[in-house]
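The lines below spell out each chain.
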Amino acid sequence: MWSLEHDELMDRAIASAQSALFAAGRKQAPVTAVPDAASPTRTAAMAAVASRLLARPNSSVLGLFGSTPEVRVHLHALSRLFTFTDVLVGQEVPDLDGVTVAEPKDIVAGADIITVVGPGPELPYWYPRGHLHVNAISTLGRRLPRALLDRAMVSPDHVERARAAGECASLRETQVGPGIARLCASPAVAAQHRRHLTVFDSTGFVSADQVATAPGVCANAESVAS
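Okay, so let's go over this structure. (Residues numbered from 1 in each chain as written. Predicted model: local features only at pLDDT ≥ 70, side-chain atom pairs only at ≥ 80, totals over all residues. Heavy atoms only, no water.)

**Digging into the packing of aromatic side chains**
What characterises a pair of aromatic rings is the spacing of the ring centres plus the angle enclosed by the ring planes. How we decide: Here a Phe, Tyr or Trp ring, Trp counted by its six-membered ring, pairs with any other such ring whose centre lies within 6.5 Å, and the pair is stacked when the planes are under 30 degrees apart, edge-to-face when over 60, and tilted otherwise. Only protein chains enter the area calculation, which uses a 1.4 Å probe; residues under 20% of their type maximum are buried, those over 50% are exposed, and those in between are partly exposed.
Tallied over the full model, the rule gives two aromatic pairs. Ring plane angle 80 degrees and centroid distance 5.4 Å describe the contact between Trp126 and Tyr127, whose orientation is recorded as edge-to-face. Taking relative accessible area as the criterion, Trp126 reaches 38% and is therefore assigned partly exposed. Residue Tyr127 is classed as exposed on the basis of its relative accessible area of 65%.

**A few points about helix α2 (residues 40–54)**
Basically, it comes down to this: Helix and strand assignments come from DSSP, with helices taken as H or I runs of at least 4 residues and strands as E runs of at least 2, each series counted from the N terminus. Expected span of a helix, by definition, is 1.5 Å for each gap between consecutive residues, and there is one gap fewer than residues.
Taking 1.5 Å of rise per residue, 15 residues should cover 21 Å, and α2 covers 21 Å from first to last C-alpha, within 8% of that figure. With twelve of 15 residues buried, α2 lies mostly within the body of the structure. The set of residues buried in α2 consists of Arg42, Thr43, Ala44, Ala45, Met46, Ala47, Ala48, Val49, Ala50, Ser51, Leu53 and Leu54.

**Remarks on the pairing of strand β2 (residues 86–89)**
Residues in a regular strand project their side chains so that they alternate between the two faces of the sheet. Cut-off, in case you're wondering: We treat two strands as partners when DSSP finds at least two bridges between them.
With four bridges connecting them, strand β1 (residues 61–65) and β2 associate as parallel partners. The residue bridging Leu62 from the neighbouring strand is Val87, located in β2. Strand direction decides the pairing type here: β2 and strand β3 (residues 100–101), joined by two bridges, are parallel. If you follow Leu88 over to β3, its bridge partner there is Thr100.

**Description of the side chain of Thr203**
In plain terms, the rule: Between two residues, a contact is recorded if the distance between any of their heavy atoms is within 4.5 Å.
Here Thr203 shows up in the loop between β7 (198–202) and α9 (208–211). Thr203 sits in the buried class, given a relative accessible area of 11%. Residue contacts for Thr203: discarding those within four places in its chain leaves Ser138, Asp157, Arg161, Ala162, Ala165 and Gly166.

**What about the pattern of salt bridges?**
As a reminder of what qualifies: A pairing counts as a salt bridge when a side-chain nitrogen of Lys or Arg comes within 4 Å of a carboxyl oxygen of Asp or Glu.
Enumeration according to the criterion identifies four salt bridges in this entry. Asp106 is paired through a salt bridge with Lys105; the nearest N and O atoms lie 3.4 Å apart. Note on Asp106: relative accessible area 37%, which makes it partly exposed. Look at Lys105 and you get partly exposed, because its relative accessible area is 35%. Measuring nitrogen to oxygen at the nearest pair gives 2.7 Å for the salt bridge that ties Arg146 to Asp150. Here the residue Arg146 and the residue Asp150 both occupy positions in helix α5 (residues 146–151), the gap between them amounting to four residues, near one helical turn. With relative accessibility at 41%, the residue Asp150 sits in the partly exposed group.

**Regarding the sheet that holds β3**
Here is the rule: In this analysis an axis means a line fitted to C-alpha atoms, helices contributing only their contacting stretch, and an angle means the value between N-to-C directions, from 0 to 180 degrees.
The sheet built from seven strands is open, its strands ordered β3-β2-β1-β4-β5-β7-β6 with parallel pairing. Of all strands in the sheet, those with a lone pairing partner are β3 and β6 (153–156), marking the two edges. Across five bridges, strand β4 (residues 113–117) lies against strand β5 (residues 133–137) in parallel orientation. The residue of β5 that forms the bridge with Val117 is Ile137. Running at roughly 160 degrees to β5, α2 makes contact with β4, β5, β6 and β7 of the sheet.

**Remarks on the packing of α2 against helix α3 (residues 70–79)**
Worth spelling out the cut-off: Any angle from 65 to 115 degrees is called roughly perpendicular, while one under 35 is roughly parallel, one over 145 is roughly antiparallel, and all others are oblique. Crossing handedness is read from the near helix: turned anticlockwise from the far helix by less than a right angle, it gives a left-handed crossing, and turned clockwise, a right-handed one.
Running from N to C, α2 and α3 cross one another at 40 degrees; their axes reach a closest spacing of 9 Å. Judged by the angle between their axes, α2 and α3 are oblique. The way α2 lies across α3 gives a crossing that is right-handed. Together, Pro40, Thr41, Thr43, Ala44, Ala45, Ala47, Ala48 and Ser51 of α2 and Glu70, Val73, His74, Ala77 and Leu78 of α3 make up the contact between the two elements.

Here it is, written out as structure tokens:
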């Protein structure tokens, strides 16, 4: 069970991540790479912000894949922004309360949002919903089927890193969409993609350490992705 303290910490992490992305996007400059491997909370917050930008606001079915405890943190972060009526998880996911274990193809076909954490078997391309949003978290470019990537708008956290070690590695340069910071600074552009397949390619490199405390940014970010 999550405590109120955990809820407050996650809310602050999401606000900080949103502020960081908003500031980076407003600067119209590449996001500076900062190692984030030691902060699952911040990584999950970034994925939650990406989902708020690119997934349908009424998304009600979440799919989770991954064998690390970080999956639990992602569930918590997303649950702060969406009301899920069902959470479908792969058999490898650690024990979680109130979830339904399902076959991968059923998760892909039934979810509005899917978060995949870490490397592992490639997911099946099994009749995904046209508006499906996927968070690919540190997958090393080996989890999402090419058929899905070819149809999706793929937004990386850091273009160079994603091209080297993310799902973007299998795509042509022209297939890589705008970075998540640009979309956070232009939420109307992000909203145009909500009716289609979208992917947030997260390599775990973000700019939060450098711009999250920028003066005035948090106030501006309140309206982003709302």
